[in-house]
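# Coordinate analysis (summary)
Listed here are the chains, written in short residue letters.
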Amino acid sequence: MMDGIISVLGVLTLILEGISCQGVYAPPTVRIVHSGHACNVEEERYSERVYTIREGETLELSCLVTGHPRPQIRWTKTAGSVSDRFQDSSVFNETLHIAKIQRHQGGRYYCKAENGLGSPAIKSIRVDVYYLDDPVVTVHQSIGEAKEQFYYERTVFLRCVANSNPPIRYSWHRGRDVLSQGSDKGVEIYEPFFTQLQGETKILKLKNLRPKDYANYSCIASVRNVCGIADRKVVFRLTNKTAPASIKLLVEDPIVVNPGQTVSLVCISTGGEPAPTLIWTSGSASLPEESLLKDGTLTLPSVSAHHAGLYSCIASNNVGNPAKKSTTIIVRALKKGRFWITPDPYHNDDNIQIGREVKISCQVEATPPEELQFSWLKNGRALRSSERMVITQTDPDISPGTTNLDIIDLKFTDFGTYTCVAALRGGGIPEISIDVNISSTTVPPNLTVPQGKSPLAVREGETVELECLVSGKPKPIILWSRADKEVPMPDGNMQMESYDGILRIVNVSREMSGSYRCQTSQYNGFNVKPREAVVELIVQYPPAVEPVWQEVRQGLGRPVGLNCRVLRAHPSRVLRFEWRLGSRLLHAGHFDSRDETDYAIRSLAREGYGEYTCDIINEVGPGRCTFLVTGKAFAPEFYYDTYSPLWQNRPRVYGYRLQWTQMNPGAVDRIMAYRLGIRQTGQQRWWEQEIPVEGNIQKGELITHNLTELIRPEAYVVRLTPITRFGEGDSTTRIVTYSGTPQTSSYIFTIMHLREFHCSFEEEPICMFTQDKNDDFDWTRHSAATRDTKYTPNTGPSGDGAGSKQGFYMYIETSRPRKEGDTARLLSPTFNIAPKNPYSITSPPAYCFSFYYHMYGKHIGSLNAFVKQKGQSTSDAGPVWSLSGNQGDRWRQAKISIHPISSFHVIFEGIRGPGIEGDIAVDDVTLEEGECPDPPSNPIRGVASHTVSSIWPLSVTLFFTVFFRQR
């Protein structure tokens, strides 16, 4: 036993109670539990679990898992993608928390747990969000005249609509009277029907209106108070003046404005009872943020191009259909002026020649297009259409916003600068002018790639300029694109424009290698077949290698092999490699036909620990593999499936059974000890002690260390670090939280799936053990710290099975009035066997039944252990273990392999000996599936089998309800 004194708001003593091991690696299991504000939960059905919650409440779903190593948890919705974004989590017992849940957040939620063993465990639950919106009543009138008959019918329909989950039950009232089908011949009530747009609808028909039909009508929507959702009610007053809404717009349509002007759209109500409500909407999206709405007038200050579009005024008073009037705002604008020159189309020649025709075209985008007007200038003077200078405007349907100047029979005197001027009638918008020079030097373009500029080789990360020389007058815009594949250019577009023929790429990457096409555009130049050229770009980069970084853990004296591989490189011819430890060169050489290099360490020495690098080098530079060779032990893995970890529970302090396994214990040198650190949450100071380890730890061994004297109800952060000859390994932390005995008055226990059943009697319910009502006296729960040994000092234990004076155990008190031969029996809960083949128990499963016993005193009687199966009596069952007489002042362990074929429970029977110094105690009762590994010698021969089997989950069914009454 090791004692360490820790003072955190008191004195906390950590006592090493002992170390025990077992194989506990197991695949995950998972179940979903709920909290928060659920209205109803339908538990396991064949299809799914349904969790009902009211809209606006808080949803809390916890994913509880078992399995070792600790499974990682991930929440998703609707079998994969999550519409309401959750963060992936690897926190144990992760809770999914949605505050103020909305109806669209309903659906199926999945919890997935995985730890690398077996298949992931997945459970789901469907969340059904209940809600009820306020109902809305709309009124529709039908007026018709029957031909050749003298009657006039006026029918009114009242339609009540509401959205809800679950479905609504509607009721109608006229004044205080309830309306139902058949209660009034002038009233018909239609069954509710559902529409996608309006939800569930209930219709009340008033036939041939009568004076009494003019009244207040109430529609009450109810979901029958599920989830505490109250009924919703709406009232509509029907009078002889009830009429649908009508409106009028006091604006023109369309409204044409210049940018920067303020626009006011005025909408007035011209009729309707009740008085209608006016709203404005925009055809494309919501109203602009800067818009102002008051009394039906919508004001748009300082309009710009994005304000253009359709605006609608809608009036509604729930009578008939809403009234709607619309107008369009047009913001005047001119943009994107372009030109092109077309040589004589009747001759197969792209050049401009004297005596032939040439056409100059000019195009502008105008809003509104009907206001666009063009004028032409030659050398700054106005030019009018004539027989040789023909000015036309293209049909707007063919080429909108385009004007043409046709020069017939070109002469030397026609050379000059022609200007196309675009403007909007009424002014207010700046004109656009485009100059086009026609002369003897006006020639179509030509494209070439400068010598030595293709192919072009550059290194990754550099800046490169791809160049195409363009000749001709006027010089057109050059368009760059990929010639070898349909992928975007570096700026993300499929084409990039260049006015000087140069494409500049910054920070070039290897993915940019390939062919690039430059070509002339058909605007701002000649309207001829585009000229084009291709530039090849080669991006060189150093070797890409793997692994880029790798940690290698190994113990002293063992061999180590390191391997570095080339994945790709350009140039692909690799020149050489260099292995180093730190800055020291270990090995260098040139590559042969292989694409990898190795470095071997035959026997790792202490100075061999460190960072190894392998540089594989071509003419561009090196690619590096890095290996960290270390003797650090892997992190421990805390075990979270401990049955009843709260093993000590006193008024002011509690104890906690801390358990863990060691990840890959054989990877490095033997673990000699663990450094245990502990601090109270919210405080900074750590208290530490070392836990020594004897012998080699096996993979999957469960190690136990008992923490004592923890202050209730504080939580603690626990840190565990393995120590080898190399030094400290990786640490693991967890939080230990106090969880006291539940205070409810009764508990109903159902099926629980456990890896093991373990009871150390630390909590008052004593793991649902009960006293036999047909014996002579009872077992007593006690601890050495509170037991009075004044009258019987030479019998009974001085601590529990783990050696703690504060720990609890069960014992029989043999003082008077007990007499020789009196019996006390302690009964376990009922266990349901879990056969490996669920459809047959022809081969019954084996279980290891173990416990610790203490039999000290000169008057010790007998201790018997029974396994009583369903349908058996205790006398029929016979003991599976029995021992009598003084066994010395120490705890011993008993292990018995049992093979029940039906549900069973275990019984401890204590028999009083001839005197008062005969106390018998038991502690740490365990049941695990599988034969007992190397059980201690058994007083009853032939019962226990010594075959070792793996440990499988034990399925325990507790068949009864235990009531704990708080007094």
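Everything numeric in this text was worked out from a predicted model, so none of it was measured.

### Some thoughts on the overall build of the protein
- Helices and strands together make up the secondary structure of the protein, namely one helix and 76 strands.
- The buried share of the protein, reckoned over its 967 residues, is 47%.
- Of all intrachain contacts in the protein linking residues separated by at least 6 positions in sequence, the fraction that spans at least 24 positions is 70%.
- Of the roughly 49100 Å² of accessible surface on the protein, 49% is carried by carbon and sulfur atoms.

### Description of the packing of aromatic side chains
- Scanning the model with the defined rule gives 19 aromatic pairs in all.
- Measuring from centroid to centroid gives 5.3 Å for W660 and Y674, while their planes differ by 75°, and the two rings are edge-to-face. Of the two residues, W660 sits in strand 56 (residues 653–662) while Y674 sits in strand 57 (residues 673–680), which places them 14 residues apart along the sequence. Y674 carries the same exposure label as W660, and that label is buried.
- Each member of the aromatic cluster is reached from another via a ring pair, and the members are F849, F851, Y853, W881 and F908.
- Taking NZ or CZ as reference, R781 lies 3.8 Å from the ring centre of F808, over its face.

### Concerning the side chain of E909
- Take E909: it is sitting in strand 73 (residues 904–911).
- Within the local environment of E909, its side chain forms a polar contact with the side chain of R825, the two groups lying 3.0 Å apart.
- For E909, the side chain forms a polar contact with the side chain of N864, separated by 2.8 Å.

### Considerations on the side chain of K77
- Along the chain, K77 falls in strand 7 (residues 72–77).
- Given the relative accessible area of 3%, K77 is considered buried.
- A polar atom in the side chain of K77 sits 3.2 Å from the backbone oxygen of G106.

### Describing the pattern of salt bridges
- A full pass over the atoms with the stated rule returns 36 salt bridges.
- When the shortest N-O distance is used, the salt bridge between R210 and D213 registers 3.1 Å.
- Among the residues examined, D213 registers a relative accessible area of 0% and is labelled buried.
- A salt bridge links D730 to R553, with the shortest nitrogen-to-oxygen separation between them at 2.4 Å. Residue D730 is found in the loop between strand 60 (716–723) and strand 61 (732–736), and its partner R553 is found in strand 47 (residues 549–553); the two are separated by 177 residues along the sequence.

### Side note on the state of the cysteines
- A full pass over the atoms with the stated rule returns eight disulfides.
- Shown here is the disulfide that connects C160 with C219, its sulfur atoms set 2.0 Å apart. Taking the sign of the S-S torsion, about -90° here, the bridge from C160 to C219 comes out left-handed. Here the residue C160 occupies a position in strand 12 (residues 152–162), and C219 occupies one in strand 19 (residues 216–222), the gap between them amounting to 59 residues. Of the two residues, C160 and C219, neither departs from the other in class, the shared state being buried.
- Here C468 is linked by a disulfide to C518, with a sulfur-sulfur distance of 1.9 Å.

### Quick notes on the sheet that holds strand 73
- Read across the sheet, five strands follow the order 65-68-73-70-71 without closing on themselves; strand pairing throughout is antiparallel. Since the sheet does not close on itself, it has two edges, and those belong to strand 65 (770–771) and strand 71 (879–884), each with one partner.
- Two elements, strand 70 (residues 862–869) and strand 71, share five bridges in a ladder whose sense is antiparallel. Of the residues in strand 71, the one forming a bridge with S862 is S884.

### Topic: the environment of D500
- Residue position: D500 is located in the loop between strand 42 (496–498) and strand 43 (502–505).
- Of the polar contacts made by the side chain of D500, one reaches the side chain of S498; its length is 3.0 Å.
- From its side chain, D500 meets the backbone nitrogen of I502 in a polar contact 3.1 Å long.

### Things to note about the sheet that holds strand 53 (residues 622–630)
- Pairing is mixed across the open sheet formed by five strands, whose spatial order is 47-53-52-49-50. For this open sheet the edge positions go to strand 47 and strand 50 (584–590), each flanked by a neighbour on one side alone. Taking each pair of neighbouring strands and ignoring which way they run, the sheet shows an average axis angle of 15°.
- Bridge count for strand 52 (residues 610–617) against strand 53 is eight bridges, and the pairing is antiparallel. If you follow D615 over to strand 53, its bridge partner there is R624.

### Concerning the nonpolar core
- Counting residues in each nonpolar core, the largest one holds 38 residues, and the members touching the most others are F769, F849, F851 and W881.
- If you tally residues by element for this core, the top one is strand 69 (residues 847–855), at five residues.
- When residues no more than four places from it in sequence are discounted, the contact partners of F769 are F757, C759, F761, L826, L827, S828, P829, F908 and V925.

### Some points on the environment of N208
- As for its placement among the helices and strands, N208 is situated in the loop between strand 18 (199–206) and strand 19.
- We classify N208 as partly exposed; its relative accessible area is 41%.
- A sequence separation of 52 residues divides N208 from V156, and the C-alpha atoms of the two residues are 7.9 Å apart.

### Focus on the confidence of the model for the protein
- On average, residues of the protein score 84 in pLDDT, and 85% of them reach the 70 mark or higher.
- A low-confidence stretch, residues 79–92 stays under pLDDT 50, and its non-local contacts, those more than four residues away or across chains, total 26 contacts.
- This model gives residues 937–967 a pLDDT under 50, and the stretch forms 92 contacts once residues within four places in sequence are excluded.

### With respect to unusual backbone geometry
- In this model, H68 is joined to P69 through a cis peptide bond whose omega is 5°.
- Note that P69 resides in the loop between strand 6 (59–68) and strand 7.
- Here the bond from R712 into P713 is cis, since omega is -5°, no more than 30 degrees from zero.
- In this structure, P713 sits in the loop between strand 59 (703–711) and strand 60.
- The residue K336 is not glycine, and still its phi comes out positive at about 55°.
- For D924, which is not a glycine, the phi torsion comes out positive at approximately 50°.

### With respect to the environment of L883
- With respect to the helices and strands, the residue L883 is situated in strand 71.
- The class for L883 is buried, based on a relative accessible area of 16%.
- Residues L883 and M855, 28 residues apart in the sequence, show an inter-C-alpha distance of 9.2 Å.

Rules behind the numbers
- Residues numbered from 1 in each chain as written.
- Predicted model: local features only at pLDDT ≥ 70, side-chain atom pairs only at ≥ 80, totals over all residues.
- Heavy atoms only, no water.
- Helix = DSSP H or I, 4+ residues; strand = E, 2+ residues; numbered from the N terminus.
- Buried < 20%, exposed > 50% of the residue type's maximum accessible area, 1.4 Å probe, protein only.
- Contact = heavy atoms within 4.5 Å.
- Areas by Shrake-Rupley, 256 points an atom, 1.4 Å probe, with all protein chains shown as cover.
- Phe/Tyr/Trp six-rings, centres within 6.5 Å; stacked < 30°, edge-to-face > 60°.
- Lys NZ or Arg CZ within 6 Å of the ring centre and 35° of its normal.
- Polar contact = N/O pair within 3.5 Å; in protein donor to acceptor, adjacent residues only side chain to side chain.
- Salt bridge = Lys/Arg side-chain N within 4 Å of Asp/Glu carboxyl O.
- Disulfide = S-S within 2.5 Å.
- Pairing = 2+ DSSP bridges.
- Axes fitted to C-alpha atoms, helices over the stretch in contact; angles between N-to-C directions.
- Core = buried A, V, L, I, M, F, W, Y, C linked by side-chain atoms within 4.5 Å.
- pLDDT = per-residue confidence, 0-100.

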